[in-house]
Amino acid sequence: MTNSNPLVSVVLPFYNAPYLKEAIDSILNQTYSNFELILVDNGSTDNSVQVAKRYKRHPLVTIINEPNRGVVHAANRGIEAAKGEFIARMDADDIAKPFRLQVQVNEFLKDPDLQVVSGLVDYLGPKENEGFIQYVNWLNTIKSERDISLNQFVEFPIANPTLMIRSEVFAKHGMYELGDFPEDYEFFLRLQAEGVKMGKVDEHILFWRDTESRLTRKDEHYSQDAFFRIKAKYLAKWLALNNPNHPKVYLWGAGRLSRRRSDYLIKEGVQVVSYVDLKEAKNTIHYSKIPGSEEAFVVSYVGNRGARDNIRSYLNQNGYSEGVNYIMAS
């Protein structure tokens, strides 16, 4: 007998998932009990289906078998089948800590206006993957609603498999979309653009595994250019609402990579008055010559984390206010 009236629905899509049993067991061993677990097979060709079938008689588990149409379709299929007021995402590579669901539900119960709750993560993977480790460390410093909003164009400031979302959010704002972009980041940016209130529990609630088989490493939808394009689309929308000098901006970062990123922004109708850098050059001014905050809005496209902190400090000390006269992007 399944749980017919769960408060939480955990949606776990999987495809050829060697760590599936660990992921499933980590959910079934939660301290919180009023949930259902929806396993969505995305056309696996290994023994993942057999692993999932071992749980078919478990009262909290539902198994859905789908053809291999991708993670977007599989995730949406699980969300459509969910009965809970809150829908939690879970990936087949990861391990939820035993208190994950409880602390996220508690966060929702404290604030009826909260619509999305995520959490901090522990990195699980090779020590050689320094880039991903640095990303996880940065992500864990982004905790408040304001910090999430101000850093939305830097990198994805939320770990997607930690998300818990009110089911009404999907009804009002749509599901994950398939396109030439990372579906999880696009969904996050769409909710940000539509004013959905987001929070994070200040606890490490998931072991986030990095493997060579992760979609983010091999699928073109997660390439750097794919991130740049979707980021530019939503950044342009944000600037239209928040830049008093729209569509004109001063763009900090004159290197080849920054200019390539700015090309996407220009295609969205944003006008770069001048690039800003440490040295002057054609169409580039020294950062000390940026006009005052009443005249200029600055977009920083400098990706280096240390340099980004220095830029933020310089602008703050010179009368700029983040989210008002400048925004950090990357």
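Shown above is the structure to which this text applies.
Counting of residues starts from 1 at the beginning of each chain's written sequence and follows it residue by residue. Whole-chain, interface and lining totals are the exception, using all residues; otherwise, since this is a predicted model, local features are given only for residues with pLDDT of at least 70 and side-chain atom pairs are given and counted only at 80 or more. Hydrogens and water are ignored here; the side-chain numbers use all heavy atoms of the structure.

By convention here, two paired aromatic rings are described through the distance between centres and the angle between planes. Stacked, edge-to-face and tilted are the three classes for Phe, Tyr and Trp ring pairs, Trp counted by its six-membered ring, which pair at centre distances within 6.5 Å; planes under 30 degrees apart are stacked, over 60 edge-to-face, the rest tilted. By the definition in use, this model includes 18 aromatic pairs. Measuring from centroid to centroid gives 5.6 Å for W252 and Y287, while their planes differ by 15 degrees, and the two rings are stacked. In this pair, W252 is assigned in strand β9 (residues 248-252) and Y287 in the loop between β11 (284-286) and β12 (298-300), connecting sequence segments 35 residues apart. By relative accessible area, W252 is classed as buried at 6%. Among the aromatic residues, those joined into a ring-pair cluster are Y123, F132, Y135, W138 and W208. Placement of a positive charge over a ring is assigned whenever Lys NZ or Arg CZ falls within 6 Å of the ring centre and within 35 degrees of the normal to the ring plane. Its guanidinium or amino end placed over the ring of F207, K97 lies 4.7 Å from that ring's centre, counting from NZ or CZ. The aromatic ring of Y275 is capped on one face by R259, whose charged end is 4.0 Å from the ring centroid. By the criteria applied, helices consist of DSSP H or I runs no shorter than four residues and strands consist of E runs no shorter than two, each listed in order from the N terminus. A simple rule labels every residue: compare its accessible area, found with a 1.4 Å probe on the protein chains alone, to the largest value its type can have, and call it buried under 20%, exposed over 50%, or partly exposed in between.

Looking now at the side chain of E183. Along the chain, the position of E183 falls in helix α8 (residues 183-193). Within the buried set, E183 has no salt-bridge partner at all; the shortest N-O distance to an opposite charge, 5.3 Å, is to R89. Any two residues whose heavy atoms approach within 4.5 Å at even a single point are treated as in contact. Residues contacting E183, with those up to four places away along its chain left out, are V71, V72, Y176, E177 and Y222. Under the counting rule used here, the positive set is Lys and Arg, the negative set is Asp and Glu, and His together with the chain ends is not counted. One side-chain nitrogen of Lys or Arg within 4 Å of one carboxyl oxygen of Asp or Glu is enough to make a salt bridge.

With that settled, the discussion passes to the sheet that holds strand β6 (residues 116-124). The eight strands are arranged β3-β2-β1-β4-β7-β6-β8-β5 in an open sheet whose pairing can be described as mixed. Two strands in the sheet have a free side with no partner beyond their single neighbour: β3 (61-66) and β5 (95-96). DSSP calls a pair of strands paired once it identifies at least 2 bridges connecting them. Sheet topology places β6 next to strand β7 (residues 164-166); two bridges connect them, and they run antiparallel. Looking at the pairing, V116 lines up with I165 of β7. Orientation is described by axes fitted as lines to C-alpha atoms, over the contacting stretch for helices, and by angles from 0 to 180 degrees between their N-to-C directions. On the sheet, helix α1 (residues 20-28) packs against β1 (8-14), β2 (35-42), β3, β5 and β8 (198-209) and is oriented at approximately 165 degrees with respect to β2.

What follows covers the environment of W138. Checked against the element boundaries, W138 lands in helix α5 (residues 130-139). Put simply, W138 and F207 are 69 residues apart on the chain and 16 Å apart in space, counted from C-alpha to C-alpha. Beyond its immediate sequence surroundings of up to four residues, W138 is in contact with N151, V154, E155, F156, P157, R305 and R308.

Put simply, a nonpolar core is a bunch of buried Ala, Val, Leu, Ile, Met, Phe, Trp, Tyr and Cys residues held in one set by side-chain atoms that sit within 4.5 Å of each other. Among the nonpolar cores identified, the biggest contains 107 residues, and V8, L12, F35, L37 and L239 are the most heavily contacted of them. Among the elements that take part in this core, helix α10 (residues 224-242) stands out by supplying eight residues, more than any other. Ignoring sequence-local partners within four residues, the contact set of L12 consists of L20, A23, I24, L37, I38, L39, V40, M90, D91 and A92.

Moving on, we get to the pattern of salt bridges. In the structure shown here, the tally under the stated rule is 18 salt bridges. For E177, the salt bridge identified is with R190, shortest N-O distance 3.9 Å. Placement of E177 in the loop between α7 (167-173) and α8 and of R190 in helix α8 is noted, with a sequence separation of 13 residues between them. For E177, a relative accessible area of 38% gives the class partly exposed. Classification of R190 as buried rests on a relative accessible area of 6%. We note a salt bridge from D309 to R312, for which the minimum N-O separation is 3.6 Å. One end of the pair, D309, and the other, R312, are both in helix α12 (residues 305-317), three residues apart, so they sit about a helical turn from each other. A relative accessible area of 46% means that D309 is categorised as partly exposed. Judged by its relative accessible area of 17%, R312 falls in the buried class. Linked through salt bridges whose partners overlap, the residues forming this network are E177, E186 and R190.

Right, let's get into the pairing of β6. As a general feature of sheets, a regular strand has side chains that alternate between the two faces. By the bridge criterion, nine bridges tie β6 to β8 in an arrangement that is parallel. Pairing of S118 across the sheet is with K200, part of β8.

Within a sheet, neighbouring strands are paired by backbone hydrogen bonds and run either parallel or antiparallel to one another. The strand order β11-β10-β9-β12-β13 describes an open sheet built from five strands, whose pairing is parallel. A strand with exactly one partner marks an edge of an open sheet, and here the two such strands are β11 and β13 (326-328). On average, adjacent strands in this sheet sit at an angle of 30 degrees to one another, irrespective of strand direction. When β9 meets β12, the two strands line up parallel, connected through three bridges. Paired with L251 across the two strands is V299, which belongs to β12.

Mapped onto the elements, A296 comes out in the loop between β11 and β12. In this structure, the C-alpha to C-alpha distance between A296 and N243, residues 53 residues apart in sequence, is 9.2 Å. Once residues lying within four places of it in the same chain are set aside, the contact partners of A296 are N245, Y250, I290, P291, Y320 and N325.

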